[in-house]
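# Breakdown of the fold
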Amino acid sequence: MAFTLRSVKVPPNSASLEEARGRVFDFFRQACRSIPTIMDIYNLDDVVTKSQLRSIIASEIRKNTHVTNPKVIDMLLFKGMEELNNIVEHAKQRHHIIGQYVLGRQGLAQDSDTKDEGTSDFLKNFYKSNYF
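By the naming in an unreviewed UniProt entry, the protein is NADH dehydrogenase [ubiquinone] 1 alpha subcomplex subunit 6, taken from Hibiscus trionum. Among the UniProt annotations of the protein, the heading Subcellular location (unreviewed entry) holds the following wording: "Mitochondrion inner membrane". Under the UniProt heading Sequence similarities (unreviewed entry), the note attached to the protein is "Belongs to the complex I LYR family."

In structure tokens:
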């Protein structure tokens, strides 16, 4: 069950923007169909719902809506397929999936603003001077 996407081959380059756009929709459908498998493999039911994962996938795709070159879109699709294959084939661990896709760039909620509250002025100056 985990190796369902292994036989996917690299398609030829898209001839037009419409063809590349169709491939993006096909990739989105394939990624959404993989969500139940991903939820089972990584035991994500307690962390995120299937609809949240679907919206995360959609937002990752929407990040590149400004791209209009079909070759660049094909390259991004290849990278997306590679990432999806790695996830479905269990090449990543659970904390990788949670860190990259569930929490995203926000990080942990407990690390937001309370980092330097209990440190002295000496330590704050020390940390400022020694961080590169």
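Tallied over the full model, the rule gives 6 salt bridges. Notably, a salt bridge pairs Arg-23 with Glu-19, separated by 3.0 Å at the nearest N-O pair. Pair noted here: Arg-23 and Glu-19 are both in helix α1 (residues 17-42), with a separation of 4 residues, about one helical turn. Residue Glu-19 is classed as partly exposed on the basis of its relative accessible area of 31%. We note a salt bridge from Arg-29 to Asp-26, for which the minimum N-O separation is 2.6 Å.

Moving on: the packing of α1 against helix α2 (residues 50-62). Between α1 and α2, whose axes approach to 10 Å, the crossing angle comes to 150°. Between α1 and α2 the crossing geometry is right-handed. Across the interface between the two elements, Val-24, Phe-27, Phe-28, Ala-31, Cys-32, Ile-35, Pro-36 and Met-39 of α1 pack against Lys-50, Leu-53, Arg-54, Ile-57, Ala-58 and Ile-61 of α2. Tallied by class, residues from the contact of α1 with α2 come to 12 nonpolar, no polar and 2 charged.

Conventions adopted
Within each chain, residues carry numbers counting from 1 in the order of the written sequence. For a predicted model such as this one, the threshold for reporting local features is a pLDDT of at least 70, and the threshold for listing and counting side-chain atom pairs is 80 or more; totals across whole chains, interfaces and linings nevertheless cover every residue. The basis for every side-chain value is the complete set of heavy atoms in the structure, and neither hydrogens nor water enter the calculation. UniProt positions are given in the numbering used here, feature names are shortened, and annotations may be inferred rather than shown by experiment. Criterion for a salt bridge: a side-chain nitrogen of Lys or Arg within 4 Å of a carboxyl oxygen of Asp or Glu. Only runs of H or I of at least four residues qualify as helices and only runs of E of at least two qualify as strands under DSSP, and these elements are numbered from the N terminus. The cut-offs for exposure are 20% and 50% of the maximum accessible area for each residue type, with area from a 1.4 Å probe on protein chains only; residues under the lower value are buried, those over the upper are exposed, and the others partly exposed. Axes, fitted as lines to C-alpha atoms, cover a helix only where it is in contact. Angles between the N-to-C directions of the axes lie from 0 to 180 degrees. The handedness criterion is simple: a crossing whose near helix is rotated anticlockwise from the far helix by less than a right angle is left-handed, and one whose near helix is rotated clockwise is right-handed. In this description, contact between two residues means that some pair of their heavy atoms is separated by no more than 4.5 Å. All residues other than Ala, Val, Leu, Ile, Met, Phe, Trp, Tyr, Cys, Pro, Asp, Glu, Lys and Arg, Gly among them, are scored as polar; the first ten of these are nonpolar and the last four charged.

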